[in-house]
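Take a look at the letters that make up each chain.
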Amino acid sequence: ENYRYIDKKLLEESDQEWTDKGDEGMPLHCYMNNSKIDSYGGLYNNFAVNKSGFAPSGWKVPSKSDYTELLEYLETEVTNISKSLGASSAWTSSFTNESYLSLLPGGLRYGGIDAGFENFNQEGYWWTSEPPGTNTSTIFELHTAMENDTFKKKAFRLEHKTTGCSVRLIKK
């Protein structure tokens, strides 16, 4: 996690600090439950993801179109798209990782009235590079309850920009 703009110290913000700083549009990152180390990676608000220099040179945050292209490819290659995306040892349900993408269930961090960490080991949420709206931006989500036949319809949704989600980078 050598993003140029992020302070080297881990942000161990209380839920109130996370909310207040996010509401001010500050780029934030943390680890699940403010742990010192998290093998699932950091959680970032959308202000961090959209800050210039977030991704190292030659890399980018995937767009909704990038994820859709992956899902369409997997539709012809694997039996169950949703189960093929997750790392087989990390989820509370059976994921096969046939895609070799090894997505991890890092959960998320809400700000505001529902402030706190949720869904660790059960669900994963990744920011896309879709241009954000006034208060929301698009995320890609994966969770244990997703069924293959409806997965492509439910894989994307809007999330508040102050929410902490994971980020997956791809080569440009």
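The paragraphs below set out a description of the structure included in this document. Everything numeric here is computed off the predicted structure, so don't read it as measured data.

## Examining the side chain of Asn97
Then, in step 1: Mapped onto the fold, Asn97 is located in the loop between helix 4 (81-85) and strand 4 (108-110).
Then, in step 2: Ignoring anything within four residues of it in the chain, the contact list for Asn97 reads Lys83, Ser84, Leu85, Gly86, Ala87, Ser88 and Ser102.

## Topic: the pattern of salt bridges
Then, in step 1: What the rule picks out here adds up to 4 salt bridges.
Then, in step 2: With its nearest N and O atoms 2.7 Å apart, the salt bridge here joins Arg157 to Glu159.
Then, in step 3: You can call Arg157 partly exposed: its relative accessible area is 26%.

## With respect to the sheet that holds strand 6 (residues 123-127)
Then, in step 1: Across the sheet, which stays open at both edges, the 3 strands sit in the order 6-7-8 with antiparallel pairing between neighbours. On the outer flanks of this sheet lie strand 6 and strand 8 (156-160), each paired with one strand and no other. In this sheet, neighbouring strand axes are inclined to one another by 45° on average, regardless of whether the strands run parallel or antiparallel.
Then, in step 2: Bridging between strand 7 (residues 136-143) and strand 8 involves 5 bridges; their strand directions are antiparallel. In the sheet register, Ile139 faces strand 8, and the bridge partner there is Arg157.
Then, in step 3: Across the sheet, helix 3 (residues 64-77) lies against strand 6, strand 7 and strand 8, angled at about 150° from strand 8, the strand it touches most.

## A look at the environment of Lys60
Then, in step 1: Structurally, the position occupied by Lys60 is in strand 3 (residues 59-60).
Then, in step 2: Separated by 111 residues in sequence, Lys60 and Lys171 have C-alpha atoms that sit 6.2 Å apart.
Then, in step 3: Beyond its immediate chain neighbours, meaning those up to four positions away, Lys60 contacts Ala55, Asp66, Arg168, Leu169, Ile170 and Lys172.
Then, in step 4: Here Asp66 takes part through its side chain, which lies 3.0 Å from a polar atom of the side chain of Lys60.

## Let's talk about the nonpolar core
Then, in step 1: In terms of nonpolar packing, the biggest core is built from 17 residues, with Leu71, Leu85, Leu103, Trp126, Phe140, Leu142 and Phe156 touching the most fellow members.
Then, in step 2: For this core, the secondary structure elements donating two or more residues are helix 3, helix 4 and strand 7.
Then, in step 3: A per-element tally of this core places helix 3 first, with 3 residues.
Then, in step 4: Setting aside chain neighbours within four positions, we find Phe156 in contact with Lys64, Tyr67, Thr68, Leu71, Thr128, Thr138, Ile139 and Phe140.
Then, in step 5: Ranked by size, the runner-up nonpolar core spans 14 residues in total, among them Tyr44, Val49, Phe54 and Ala55.

Rules and cut-offs
- Residues numbered from 1 in each chain as written.
- Predicted model: local features only at pLDDT ≥ 70, side-chain atom pairs only at ≥ 80, totals over all residues.
- Heavy atoms only, no water.
- Helix = DSSP H or I, 4+ residues; strand = E, 2+ residues; numbered from the N terminus.
- Contact = heavy atoms within 4.5 Å.
- Salt bridge = Lys/Arg side-chain N within 4 Å of Asp/Glu carboxyl O.
- Buried < 20%, exposed > 50% of the residue type's maximum accessible area, 1.4 Å probe, protein only.
- Pairing = 2+ DSSP bridges.
- Axes fitted to C-alpha atoms, helices over the stretch in contact; angles between N-to-C directions.
- Polar contact = N/O pair within 3.5 Å; in protein donor to acceptor, adjacent residues only side chain to side chain.
- Core = buried A, V, L, I, M, F, W, Y, C linked by side-chain atoms within 4.5 Å.

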